[in-house]
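Each chain is listed here by its residues.
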Amino acid sequence: MSTLDEDLARLNFEYLMLARECARSNPAETAWRFGLDKNRIEKLADMTLEHLRDQAESSRAVIQLLPVFVPSGVSMGTYVDLLQPFILEWTDENSAI
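To keep things clear, this report deals only with the structure shown in the data block. The structure displayed is predicted, hence computed values, not measured ones. (Residues numbered from 1 in each chain as written. Predicted model: local features only at pLDDT ≥ 70, side-chain atom pairs only at ≥ 80, totals over all residues. Heavy atoms only, no water.)

1. Observations concerning helix 1 (residues 3–25)
Right, so step 1: Its 23 residues place the ends of helix 1 33 Å apart at the C-alpha level, agreeing with the 33 Å of an ideal helix rising 1.5 Å per residue.
Right, so step 2: Listing the buried residues of helix 1 in full gives Ala9, Asn12, Phe13, Tyr15, Leu16, Ala19, Arg20, Cys22 and Ala23.
Right, so step 3: Those residues of helix 1 that are buried are in contact with helix 2 (27–34), helix 3 (38–46) and helix 4 (49–56). (Helix = DSSP H or I, 4+ residues; strand = E, 2+ residues; numbered from the N terminus. Expected span 1.5 Å × (residues − 1). Buried < 20%, exposed > 50% of the residue type's maximum accessible area, 1.4 Å probe, protein only. Contact = heavy atoms within 4.5 Å.)

2. A short note on the pattern of salt bridges
Right, so step 1: The full count for this structure, using the stated rule, is six salt bridges.
Right, so step 2: Note that Glu21 and Arg20 form a salt bridge whose closest N and O atoms lie 3.2 Å from each other.
Right, so step 3: In this structure, Glu42 and Lys38 form a salt bridge, with 4.0 Å as the shortest nitrogen-oxygen distance. One end of the pair, Glu42, and the other, Lys38, are both in helix 3, four residues apart, so they sit about a helical turn from each other.
Right, so step 4: A residue is classified by how much of its surface remains accessible, and Glu42, at 40% relative accessible area, is partly exposed.
Right, so step 5: Connected through shared salt-bridge partners, Asp7, Arg10 and Glu14 make up one network. (Salt bridge = Lys/Arg side-chain N within 4 Å of Asp/Glu carboxyl O.)

None of this, on its own, says anything about what the molecule does.
Encoded structure:
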């Protein structure tokens, strides 16, 4: 395995571990932070360490960088605070999470 593959596998594994712990503790936050839907969050929360490692060693990046568009004149912190009511609305019984 090349150094690039090893580094990518390590980063993937750490990212998947972080996402899995978030999925287990707060699915709504996982949807917002990682851009995952309910089915993927449930699958991720149920993954074992061995399965995470297998996924991490796929030689492909599993990290998804989502673009963040902040309106001009608004700080990132304020923008995130403004999003919170919408995130909480997603957690009702009709939501995907």
